[in-house]
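Here's the letter readout for the chains.
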Amino acid sequence: MAAHTAGVTTAHDAVVLAGGAAERLGGADKPGVRIGGRALLDRVLTACRGADLTVVVGDPRPTTRPVRWTREDPPGGGPLAALDAGVRQTRADVLLVLSADLPFLDEDTVRRLLGALTDTLDADAVLLTDPDGRDQPLVAVYRSVPLRRELARIAAERGTLAGGPLRALTGALRTARVTAGPLASFDCDTWEDIATARARIREHGTVLDEWITAVKDELGIELDVDTGLLLDLARDAAHGVARPAAPLTTFLVGYAAARAGAEGGPEAVAEAARKAAALAQRWAAEQDEAE
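Quick notes on the rules
Residues numbered from 1 in each chain as written. Predicted model: local features only at pLDDT ≥ 70, side-chain atom pairs only at ≥ 80, totals over all residues. Heavy atoms only, no water. Buried < 20%, exposed > 50% of the residue type's maximum accessible area, 1.4 Å probe, protein only. Helix = DSSP H or I, 4+ residues; strand = E, 2+ residues; numbered from the N terminus. Pairing = 2+ DSSP bridges. Phe/Tyr/Trp six-rings, centres within 6.5 Å; stacked < 30°, edge-to-face > 60°. Contact = heavy atoms within 4.5 Å. Patch = residues over 30% accessible without salt bridge, like charges linked within 9 Å, V, L, I, M, F, W, Y side chains within 5 Å. Areas by Shrake-Rupley, 256 points an atom, 1.4 Å probe, with all protein chains shown as cover. Salt bridge = Lys/Arg side-chain N within 4 Å of Asp/Glu carboxyl O.

Visitor: Break down the pairing of strand 10 (residues 135-143) for me, with residues and values.
Guide: By the criterion of burial, strand 10 is predominantly enclosed, with 7 of the 9 residues buried. Sheet analysis places strand 8 (residues 94-99) next to strand 10, joined by 5 bridges and oriented antiparallel. By the bridge assignment, Leu98 is partnered in strand 10 with Val139. In the sheet, strand 9 (residues 125-129) pairs with strand 10 via 5 bridges, with the strands oriented antiparallel. Looking across to strand 10, one finds that Thr129 is bridged to Asp135. Connecting strand 9 to the next strand, strand 10, in antiparallel fashion are 5 residues, including Gly133 with a positive phi near 90°.

Visitor: Which residues make up the packing of aromatic side chains, and what values do they have?
Guide: All told, the structure shown has 2 aromatic pairs when counted by the stated rule. Taken together, a centroid distance of 6.5 Å and an interplanar angle of 25° make the contact between Phe251 and Tyr255 stacked. With a gap of 4 residues between them, Phe251 and Tyr255 both fall in helix 9 (residues 245-259), about one helical turn apart. Here Phe251 and Tyr255 have matching classes, each one exposed.

Visitor: Explain the environment of Ile35 residue by residue, including any values.
Guide: With respect to the secondary-structure elements, Ile35 resides in strand 4 (residues 34-35). In contact with Ile35, not counting residues within four places along its chain, are Leu40, Arg43, Pro103, Ile194, Ala197, Arg198 and Ile201.

Visitor: With reference to specific residues and values, describe a nonpolar patch on the surface.
Guide: Side chains of Val207, Leu208, Trp211 and Leu231 sit close together on the surface and give an oily, nonpolar patch of about 380 Å² of accessible area. The residue Leu208 is located in helix 7 (residues 207-219) in this model. Looking at Leu208, the relative accessible area reads 37%, which means it is partly exposed.

Visitor: Describe the pairing of strand 9, listing the residues and the values that go with them.
Guide: The buried count for strand 9 comes to 5 of 5 residues, which makes it a mostly enclosed element. Residues Ala125, Leu127 and Thr129 of strand 9 are buried on one face, and the alternating residues Val126 and Leu128, pointing to the opposite face, are buried as well. The sheet contact formed by strand 9 and strand 11 (residues 175-179) spans 5 bridges and is parallel. Looking across to strand 11, one finds that Leu127 is bridged to Arg177.

Any link to function would need more than the numbers given here.
Listed below in structure tokens is the structure:
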């Protein structure tokens, strides 16, 4: 797979850093902390599912998407050492680099980063910048050649990458920036951050999208569907037939779309939903005539 931006296809690999000590969480397993029933790591893996290869630097664990595991040597050597370990496992000319504690990072932000790198030919990297103007070097895309070159330079100068600051890397690269909204760059460093994230996903305007994404991840489904269309169908079935008809009808629509096979995609769901909605409306019309 590859990211598509403004008609341009950008092949890339992803490196996700998931091996930090999480000292501000009391040493808890931060990548495994759940937000909306999904581990933080899995949420980030969903955002970077367009990568040809995803490398996670950390201790292996079950994930919703296939990844390649590696570890910095020594473990706990810090972000530069972890980044170097991940980069060594990649092949692509463009690398998406992410931390594993970004609950609201989405594919649109990833596409914006990749598109900016494609559009800025003289940039070695594109960094996400938070609303306060702070660069996020672990929410960024890098060209592989200059990234590898600078990691090697820092290792030679310091004798090791362990404990090295990320600014030693980004300060030596030609960088461009993409400004993020308040959510894309939100990371979970403390239990207060986690509580904030858990409350945010249950807000009225976001809870349904969060739930649908969680269900799709849990079931291994990557199909994008028109949620509004299915909700309208459920409403028509509940009002025009009977309340229990709503979940049963949407199940049957999903089953019909599945029978269409992989080539059906979202169009098969939409077509089945339209047919079922028309049936529900005809059913209701007959009842109205009888009254």
